[in-house]
Amino acid sequence: NAGVTQTPKFQVLKTGQSMTLQCAQDMNHNSMYWYRQDPGMGLRLIYYSASEGTTDKGEVPNGYNVSRLNKREFSLRLESAAPSQTSVYFCASSGAGAGFFGPGTRLTVL
Amino acid sequence: SQQGEEDPQALSIQEGENATMNCSYKTSINNLQWYRQNSGRGLVHLILIRSNEREKHSGRLRVTLDTSKKSSSLLITASRAADTASYFCATVPNTGNQFYFGTGTSLTVIP
């Protein structure tokens with residue numbers, strides 16, 4: 001039982017490059033989330049998915065897209081990376097209330 | 001922003017002392033949760049308190065909720081060096097099941 005897994009763990013991009021962050025959970029949760037964490041800002045919600053086939057914007061969705069591929073997987077795509085997207089990205093899922101978080105992806109955009 | 005605020009931003013105590021951190025939020029909630037984050041790691045769920053509850057305990061943790069003041073507190077009793085971490089509150093609104101996090105309290109427990 002791996003919980004929530006994220007790939008990659010680290011990534012360096014140049015401005016304008018694109019990439020997809022992958023997330024998977026094996027807890028049969030309906031809801032999944034993407035957050036970014038910046039120093040002094042706490043975690044901010046980028047996008048979430050209440051169930052397979054649905055996605056909604058969170059607090060800071062600009063510059064990102066998401067795909068809820070199936071119940072297990074929820075990916076986050078940066079189409080044209082900007083230095084302001086340098087951050088640590090966390091994926092999470094929730095079942096009966098509590099959230100379960102992945103280990104994070106540390107992304108640097110040069 | 002729906003982010004709450006936590007206070008203090010940083011707290012340093014001696015091992016064995018109690019640590020109290022507070023969270024204020026802005027909107028009506030279904031529940032409020034507390035999480036711990038060790039440096040460089042993901043968040044770990046500690047405790048959930050529903051909007052109709054006023055106090056909840058789990059081991060050395062005690063959480064209170066005052067919905068009239070839109071505030072919550074987390075008390076860690078008899079702290080240990082291993083409690084050193086950042087602590088975040090997260091609110092879940094009445095509509096939807098997404099989590100909105102506070103800015104966190106950095107706790108250092110000195111052995």
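Located above this text is the structure these notes cover.
These notes cover the structure that comes with them. (Residues numbered from 1 in each chain as written. Chains lettered and ligands numbered in written order. Predicted model: local features only at pLDDT ≥ 70, side-chain atom pairs only at ≥ 80, totals over all residues. Heavy atoms only, no water.)

**Some details on the overall build of chain A**
Here's step 1: A count of helices and strands for chain A gives zero helices and eleven strands.
Here's step 2: Along the chain direction, N to C, the helices and strands of chain A fall in the order β-β-β-β-β-β-β-β-β-β-β.
Here's step 3: For chain A, whose C-alpha radius of gyration is 13 Å, the value lies close to the compact-globule estimate of 13 Å for 110 residues.
Here's step 4: For chain A, the C-alpha atoms occupy an extent of roughly 40 × 25 × 25 Å along the three principal directions.
Here's step 5: By the burial criterion, 47% of the 110 residues in chain A qualify as buried.
Here's step 6: Put simply, of all contacts in chain A between residues at least 6 apart along the chain, 53% involve residues at least 24 apart.
Here's step 7: Looking at chain A as shown, the accessible area adds up to about 5000 Å², and 50% of this sits on carbon and sulfur atoms.
Here's step 8: Of the side-chain charges in chain A, 10 are positive and 7 negative, and the distance between the mean point of each set is 6 Å. (Helix = DSSP H or I, 4+ residues; strand = E, 2+ residues; numbered from the N terminus. Rg over C-alpha atoms; globule rule 2.2 N^0.38 Å. Buried < 20%, exposed > 50% of the residue type's maximum accessible area, 1.4 Å probe, protein only. Contact = heavy atoms within 4.5 Å. Areas by Shrake-Rupley, 256 points an atom, 1.4 Å probe, with all protein chains shown as cover. Lys, Arg positive; Asp, Glu negative; His and termini not counted. Charge placed at Lys NZ, Arg CZ, Asp CG, Glu CD.)

**Concerning the interface of chain A and chain B**
Interface extent is often summarised as the accessible area lost during association of the parts.
Here's step 1: Of the residues lining the interface, 21 residues belong to chain A; the matching set on chain B comes to 19 residues.
Here's step 2: Carbon and sulfur atoms make up 54% of the surface buried where chain A meets chain B, a total of about 1600 Å² over both sides.
Here's step 3: Linking chain A to chain B there are zero salt bridges.
Here's step 4: Counting across the interface, chain A meets chain B through seven residue pairs in polar contact (both at pLDDT 80 or more).
Here's step 5: Listing elements by their share of the side of chain A that touches chain B, those giving two or more residues are strand E4 (31-38), strand E5 (42-49), strand E9 (87-94) and strand E10 (99-101) of chain A.
Here's step 6: Per-element tally for the side of chain A that touches chain B: the top contributor is E5 of chain A, with five residues.
Here's step 7: Of the residues contributing to the side of chain A that touches chain B, the split by class is eleven nonpolar, eight polar and two charged. (Buried area = accessible area lost by both parts, 1.4 Å probe. Salt bridge = Lys/Arg side-chain N within 4 Å of Asp/Glu carboxyl O. Polar contact = N/O pair within 3.5 Å; in protein donor to acceptor, adjacent residues only side chain to side chain. Nonpolar A, V, L, I, M, F, W, Y, C, P; charged D, E, K, R; others polar.)

**What to know about the pairing of strand E8 (residues 74-78) of chain A**
Residue and element names in this part refer to chain A.
Here's step 1: Counting buried residues along E8, four of its five residues qualify, which places the element largely inside the surrounding structure.
Here's step 2: Sheet topology note: the strand E7 (residues 64-68)/E8 ladder contains five bridges and is antiparallel. Note on E8: the bridge partner recorded for Asn 65 is Arg 77.
Here's step 3: The antiparallel hairpin formed by E7 and E8 contains five residues in its connecting segment. (Pairing = 2+ DSSP bridges.)

**What about the pattern of salt bridges?**
Here's step 1: Applying the stated criterion across every chain yields a total of six salt bridges over all chains.
Here's step 2: Between Glu 79 of chain A and Arg 77 of chain A there is a salt bridge, and its shortest N-O distance comes to 3.1 Å.
Here's step 3: Of the residues examined, Glu 79 of chain A reaches a relative accessible area of 43% and is grouped as partly exposed.
Here's step 4: The partner of Arg 60 of chain B in a salt bridge is Asp 83 of chain B, with the nearest N and O atoms 2.9 Å apart. In this pair, Arg 60 of chain B sits in the loop between strand E6 (55-58) and strand E7 (61-66) while Asp 83 of chain B sits in the loop between strand E8 (71-76) and strand E9 (85-93), placing the two residues 23 residues apart along the sequence.

**What about the packing of aromatic side chains?**
Residues and elements named next belong to chain A.
Here's step 1: Under the defined criterion, the tally for this structure stands at nine aromatic pairs over all chains.
Here's step 2: An angle of 35° between the planes, with centres 6.2 Å apart, marks the rings of Tyr 33 and Tyr 35 as tilted. Each of the two residues, Tyr 33 as well as Tyr 35, counts as buried.
Here's step 3: Seen from their ring centres, Tyr 35 and Phe 101 are 5.9 Å apart, and the 40° between their planes marks the pair as tilted. (Phe/Tyr/Trp six-rings, centres within 6.5 Å; stacked < 30°, edge-to-face > 60°.)

**Things to note about the layout of surface pockets**
Here's step 1: The space that makes up the largest pocket amounts to roughly 500 Å³.
Here's step 2: The wall of the largest pocket is formed by 26 residues, among which Gln 37, Val 88 and Arg 106 of chain A together with Gln 37 and Gly 40 of chain B lie closest to the centre.
Here's step 3: Of all elements in the fold, only E4, E9 and strand E11 (105-109) of chain A together with E9 and strand E11 (105-110) of chain B reach the threshold of two or more residues within the lining of the largest pocket.
Here's step 4: Ranked by residues supplied to the lining of the largest pocket, first place goes to E9 of chain A with three residues.
Here's step 5: For the lining of the largest pocket, the class distribution of residues is seven nonpolar, 15 polar and four charged. (1 Å grid on protein atoms, 1.4 Å probe; cavity = no way out; pocket = protein on both sides within 12 Å on 5 of 7 lines; lining within 4 Å. Points joined across faces, edges and corners; volume = space filled by probe spheres on them.)

**Observations concerning the pairing of E5 of chain A**
All names here are of chain A.
Here's step 1: Of all eight residues in E5, eight are buried, a share of seventy percent or more.
Here's step 2: Bridging between E4 and E5 involves seven bridges; their strand directions are antiparallel. Residue pairing in the sheet places Asp 38 in a bridge with Gly 42 of E5.
Here's step 3: Count of turn residues in the E4/E5 antiparallel hairpin: three residues, of which Gly 40 carries a positive phi of about 75°.
Here's step 4: Both E5 and strand E6 (residues 56-57) contribute to a ladder of two bridges, which runs antiparallel. Residue pairing for E6: Tyr 48 is matched across the bridge by Asp 56.
Here's step 5: Between E5 and E6, which pair antiparallel one after the other, the connecting turn spans six residues, and Gly 53 there sits at a positive phi close to 95°.

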